[in-house]
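Residues per chain are reported as follows:
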Amino acid sequence: VIAMVAMLLLLAAPVLADDGGEELHVGPDEDYTSIQEAVDEAESGSKILVYPGEYEESVKVETDSLEIVAEGDGVKVTSPEEGEACFEVKADHVVIKGFELTGPPLTAGIRFEGSHNVFKDNNIHDLSGTDVSALVCMDADGGSNHNKIVNNTISGAWNGIVIQAGSDDTPDAVNKRNAIKGNVISEVVESPIVVENGTGFWVAGNKITGVSDGEGHCIQIGAGEGNTETQGHHRVVRNELVDCGLNGIHVYTSDAHLESNRIAGNDVSAAGGCGIHLEGYPEFPVRWTLIRHNHVHENEGGGICLGAEANYNRVFGNKACDNGADGLLIVGHHNGIRRNLACDNEGNGIVVEG
């Protein structure tokens, strides 16, 4: 009898996740039939496993340290309301992994604020509406730091991945040390990747193609208007960019110094503007950037372009060939140009006006 009672108690006990938290199961034949129910019941440290099915809900996550994982293929979340994201995260240490996300007009796949979150292996597609971003953080106060956006597939949205900080009340807010790595982004209208008002970001190993709007940059890194906080130390490395509407990689500032960035090992082709474009502002240049070992080719506006306020940068070991204008156009001051290959451009090989 004692052994039977012990067995019954064991069966009734909740399953524990690897880190000691509770494990909750969501699915048509599981304890929870909606993801939101499981999230509401979960305590910090829990793992939520979601089994194949279609879930029409906008999931609000406000508990720290939750892992929400799609178990296998065919786990689809569709937001039921226009303007509500499939996942709305306002917490830290949250993992969302392996979901298919879509919805009605003006719907984001994942909208978040917080730090140390991981958004990985999700397929976000067919989102409609002007300025809608597939995966977005717009933190008015800043402080959304150390997040990882990794190996997601994004298609059919206005913007892809957007991480911004600041507002009229908090113009100097910044986000720090977020990573955007290994994502595949295609068929967006304007901007596949945007980082505005941040420092220490890694943007690496992403593949981007097919920007339809002629004003869109494939990767846009900048200090927004009104923000006076010195920013920089970004790493934009080993990305593959094809068919950008305007520039492939665009680094810009307006009211703050943007400095000590590294743009290396990228392959940029078929951009409507320059392959790589640095654009400063009077008294606030883009400076101390290392542009190294990039291959920029077949871009309509030229290969590598440094504007009038792009100063004290180093342009080393790049290959700029078959572009529609100059291979390298250097308008800023005190820039170092060394060991670049410029060939078969319709303009000049290297032009220095600074």
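Residues numbered from 1 in each chain as written. Predicted model: local features only at pLDDT ≥ 70, side-chain atom pairs only at ≥ 80, totals over all residues. Heavy atoms only, no water.

Peer 1: Is there a simple way to explain the environment of tyrosine 281 in this structure?
Peer 2: Structurally, tyrosine 281 is set in the loop between strand E30 (276–279) and strand E31 (286–287). What makes tyrosine 281 partly exposed here is its relative accessible area of 42%. Separated by 26 residues in the primary sequence, tyrosine 281 and aspartate 255 place their C-alpha atoms 7.3 Å from one another. Contacts of tyrosine 281, omitting those with residues within four sequence positions, involve Thr253, Ser254, Asp255 and Glu309. (Helix = DSSP H or I, 4+ residues; strand = E, 2+ residues; numbered from the N terminus. Buried < 20%, exposed > 50% of the residue type's maximum accessible area, 1.4 Å probe, protein only. Contact = heavy atoms within 4.5 Å.)

Peer 1: Looking at this structure, I do not really get a nonpolar patch on the surface. What am I missing?
Peer 2: Together, Ile337, Ile350 and Val352 make up an exposed nonpolar region whose accessible area comes to about 240 Å². Looking at the secondary structure, you find isoleucine 350 in strand E41 (residues 350–352). (Patch = residues over 30% accessible without salt bridge, like charges linked within 9 Å, V, L, I, M, F, W, Y side chains within 5 Å. Areas by Shrake-Rupley, 256 points an atom, 1.4 Å probe, with all protein chains shown as cover. Salt bridge = Lys/Arg side-chain N within 4 Å of Asp/Glu carboxyl O.)

Peer 1: I would appreciate a short explanation of the confidence of the model for the protein chain in the present structure.
Peer 2: Predicted coordinates in areas of low pLDDT are best not read in detail. Scored by pLDDT, the protein chain has a mean of 93; 94% of the residues are at 70 or more. The low-confidence segment residues 5–14 (pLDDT under 50) makes one contact with residues lying over four places distant or belonging to another chain. (pLDDT = per-residue confidence, 0-100.)

Peer 1: Even after reading the chapter, I still don't get the environment of glutamate 56, so can you show me in this structure?
Peer 2: Examined against the element boundaries, glutamate 56 turns out to sit in strand E3 (residues 53–56). Judged by its relative accessible area of 63%, glutamate 56 falls in the exposed class. Each C-alpha atom, one on glutamate 56 and one on isoleucine 337, is 55 Å from the other, the two residues being 281 residues apart in sequence. The residues touching glutamate 56, leaving out its near neighbours within four places in the chain, are Thr78 and Pro80.

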